[in-house]
Amino acid sequence: MSKPIYVFDFDGTFYETPTTDIPKLEDAIDLAMLRLFRDKLEKAPNRAEVLRKLDTKYEKMDKREVCANIHNQNGGKAGGRAKYVSSSLKFKLASFSDLLRGRVGKGSKSELIVARLLAKMMEPDGVGNHRVSGMLNLGLDISQEEIEHYYKEYATIKYRNIKRNKLVEKVFDKAKKDGCLVFIYTDNSKNNVYSGMRTLGYEDKEVLRVFDMFDCDGGATKKTKRGVDAFKCHIGEYCRMKGVDFDVKDIIFFDDNKNICNFMQSQGIRSFHVEPDEVKAVKDVSIINRSFNRCSA
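A. Representation of the nonpolar core in the model. Counting residues in hydrophobic clusters, the biggest one holds 64 residues, and the most contacted among them are Phe10, Phe14, Met33, Phe37, Phe96 and Met135. In terms of residue count, helix α1 (residues 21-42) provides more of this core than any other element does, 10 residues in total. With near-sequence residues (within four places) excluded, Met135 lies in contact with Met33, Leu36, Phe37, Met122, Ile142 and Ile147. Counting 21 residues, the second largest nonpolar core, distinct from the first, contains Val228, Tyr238, Val248 and Ile260.

If you want it as structure tokens, here you go:
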């Protein structure tokens, strides 16, 4: 027998936005990747070549593109512009190598600027993939396992300024009351989801399982087909383990990112877009994979 399967995003979905915790999270991610970059660069035999390529990219970069939070997509906002980067002569004349060595400025603010610039120059491993996947393409033999370790070790934050989204809370509570299967699927990490859930007053056991991007084909996000396919496999495996029939049409998915909702809908997953004052069903788009009953090898 099949059961409805409720799947919730966490960041920007379980709690109200805007909130200062989202910029804090984004900064922590970029700083964690900068730390990994520095550690790998220190012993890299091709250090000079890697830096030369980044110096060239930095020289050609439109500094006006650099934002206070360049990756915050919640609410469709890119974040405030970091005018001190685009207008400062010292940043225009310096190379990325200079910035990395602290020759232009020191302290937490300067370090964060370097982290944002590195993130901006990286090329994600596949369209729609998380920016941290760009670490794979820096020429430093960085592995997916190293990215995951540094992310979970150094980009786990304590959520302090979040409040429950009452609309999502109502759906979540009803799903549990009705005996539905309830999961969280995030492009963040499990560590941060559990941290945030506890801040909101939820217990870990209130969801059957948290799937993060590192569970999905080595770090593929909800914006990639391989990430979503891997997620479907995980859900299917869980259902079979529990003796529950599984079909993708049983999944009901909630996310605050409309692009993700549309993509999930196109992959045969019924989706709802979470906005600050309503939860809105996504209109049918070109739906594929309506029945996903087994995983391909």
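Still more to cover.
B. Unusual backbone geometry, seen in detail. Here the residue pair Thr17 and Pro18 is connected by a cis peptide bond, since its omega of 0 degrees sits within 30 degrees of zero. Inspection of the secondary structure puts Pro18 in the loop between β1 (5-8) and α1. Non-glycine residue Asp141 carries a positive phi angle of around 55 degrees. Following the sequence through the fold, Asp141 ends up in the loop between α6 (108-121) and α7 (144-154). Residue classification places Asp141 among the exposed residues on the basis of a relative accessible area of 71%.

C. Highlighting the pairing of β1. Residues Ile5 and Val7 point to one face of β1 and Tyr6 and Phe8 to the other, with burial holding for every one of them. Bridge count between β1 and strand β4 (residues 251-255): four bridges; the pairing is parallel. Of the residues in β4, the one forming a bridge with Tyr6 is Ile252.

What counts as what
Residues numbered from 1 in each chain as written. Predicted model: local features only at pLDDT ≥ 70, side-chain atom pairs only at ≥ 80, totals over all residues. Heavy atoms only, no water. Core = buried A, V, L, I, M, F, W, Y, C linked by side-chain atoms within 4.5 Å. Buried < 20%, exposed > 50% of the residue type's maximum accessible area, 1.4 Å probe, protein only. Helix = DSSP H or I, 4+ residues; strand = E, 2+ residues; numbered from the N terminus. Contact = heavy atoms within 4.5 Å. Pairing = 2+ DSSP bridges.

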